[in-house]
Amino acid sequence: MTFKRFVEIGRVALVNYGKEYGQLVVIVDIVDQNRALVDAPDMIRSQINFKRLSLTDIKIDIPRSPKKKTLIAAMEEADVKNKWEKSSWGRKLIVQQRRASLNDFDRFKVMLAKIKRGGVIKQELAKLKKESAA
Amino acid sequence: MVSFRFHQYQVVGRALPTPGDEQPKIYRMKLWATNEVRAKSKFWYFLRKLKKVKKSNGQILALNEIFERYPTVVKNYGIWLRYQSRTGYHNMYKEFRDTTLNGAVEQMYDEMASRHRVRSPCIQIIKTATVPNDMCKRENTKQFHDEKIRFPLIFKKVRPPSRVLKTTFKASRPNLFM
């Protein structure tokens, strides 16, 4: 049970508390044992406590405290956005946001789709039962 | 950025001109206070100890707040201070890693209160400086000077994303492994 996700320069993390909740940020420098300097393309570089960060598997290659341009270029090169949206954690977050933003008509459509899916599953199950009984 | 308890001010003052001394010497001090009123008061406190001038026969010429020049760069701050303990006055040198000087000074006040039970009125800041990496004295700050620093977070604190979503009881035990 060794550790796989380290706090290091270039580690991508998700903010899980506070004003920037839900943003992906990159650890750009380490202030001390409890705080890191983080940066993202659309926010001012600031310090944040590790308690507010959830580390991800993604790591990019940057020098310590890079310029904003270098950071954005490195993020493009490592394709952070796509990697995040394809990862299972990222996909789950996207689904959560989609479900939270449904309106009543969408929820009605979801209900119909669920009933249809349930019907198809029951048909297949009935077929399999008949085959195993026979 | 979080608002700081202590702000850095530059206070400039001199004695009032008298018939005997038309152009008294002007003195400038950089000090920390919670607000501007306290900064002026502190200025007279220190100046009284150094020169023969009081608030009643002096005037403050300028009072400006000093802001951090590079708040997005992590620096090592060395703070020299003089504090009053239960048994007498002592000098101390402390190092802090922070992005702003105000943040480091606030860390210093917090640490003096917790480690030595010294409250803020009993602390006088003699000098502050940004210390380059090779001149740092304390192991605690030197351990973060590694270019390739990395460490795991060993304990994941499970928190709801905001205080409104806090619940007293949970259905299952949380997984604390990162």
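One structure accompanies this document, and this report is about it.

Describing the interface of chain A and chain B
Across the boundary between the two partners, chain A contributes 26 residues, which contact 23 residues of chain B. Here chain A and chain B share an interface that buries about 2,400 Å² over both sides, 62% of which is from carbon and sulfur atoms. Our count for the contact surface shared by chain A and chain B stands at 3 salt bridges. Among the ionic pairs, Glu8(A) bridges to Arg150(B), the shortest N-O distance being 3.5 Å. Summed over the shared surface of chain A and chain B, the result is 7 residue pairs in polar contact (both at pLDDT 80 or more). The set of elements that each furnish at least two residues to the side of chain A that touches chain B consists of β1 (6–8), β3 (24–30), β4 (35–40) and β5 (43–49) of chain A. Top contributing element to the side of chain A that touches chain B by residue count: β1(A), with 3 residues. Taken together, the residues of the side of chain A that touches chain B break down into 12 nonpolar, 5 polar and 9 charged. Two elements, β1(A) and strand β7 (residues 150–152) of chain B, share 3 bridges in a ladder whose sense is antiparallel. Paired with Glu8(A) across the bridge in β7(B) is Arg150(B).

Some thoughts on a nonpolar patch on the surface
Taken together, Phe3(A), Ile154(B), Phe155(B), Val158(B) and Leu176(B) make up a surface patch of nonpolar side chains, about 480 Å² in accessible area. Following the sequence through the fold, Ile154(B) ends up in the segment after β7. Assessed through its relative accessible area of 59%, Ile154(B) is described here as exposed.

Side note on the nonpolar core
Ranked by internal contacts, the top residues of the largest apolar core, which has 18 residues, are Val7(A), Val25(A), Ile27(A), Phe50(A) and Leu53(A). For this core, the elements supplying multiple residues, two or more each, are β2 (11–15), β3, β4, β5 and β6 (53–59) of chain A. Membership of the second largest hydrophobic core comes to 17 residues, among which are Tyr77(B), Met92(B), Val105(B) and Tyr109(B).

Parameters and conventions
- Residues numbered from 1 in each chain as written.
- Chains lettered and ligands numbered in written order.
- Predicted model: local features only at pLDDT ≥ 70, side-chain atom pairs only at ≥ 80, totals over all residues.
- Heavy atoms only, no water.
- Contact = heavy atoms within 4.5 Å.
- Buried area = accessible area lost by both parts, 1.4 Å probe.
- Salt bridge = Lys/Arg side-chain N within 4 Å of Asp/Glu carboxyl O.
- Polar contact = N/O pair within 3.5 Å; in protein donor to acceptor, adjacent residues only side chain to side chain.
- Helix = DSSP H or I, 4+ residues; strand = E, 2+ residues; numbered from the N terminus.
- Nonpolar A, V, L, I, M, F, W, Y, C, P; charged D, E, K, R; others polar.
- Pairing = 2+ DSSP bridges.
- Patch = residues over 30% accessible without salt bridge, like charges linked within 9 Å, V, L, I, M, F, W, Y side chains within 5 Å.
- Areas by Shrake-Rupley, 256 points an atom, 1.4 Å probe, with all protein chains shown as cover.
- Buried < 20%, exposed > 50% of the residue type's maximum accessible area, 1.4 Å probe, protein only.
- Core = buried A, V, L, I, M, F, W, Y, C linked by side-chain atoms within 4.5 Å.

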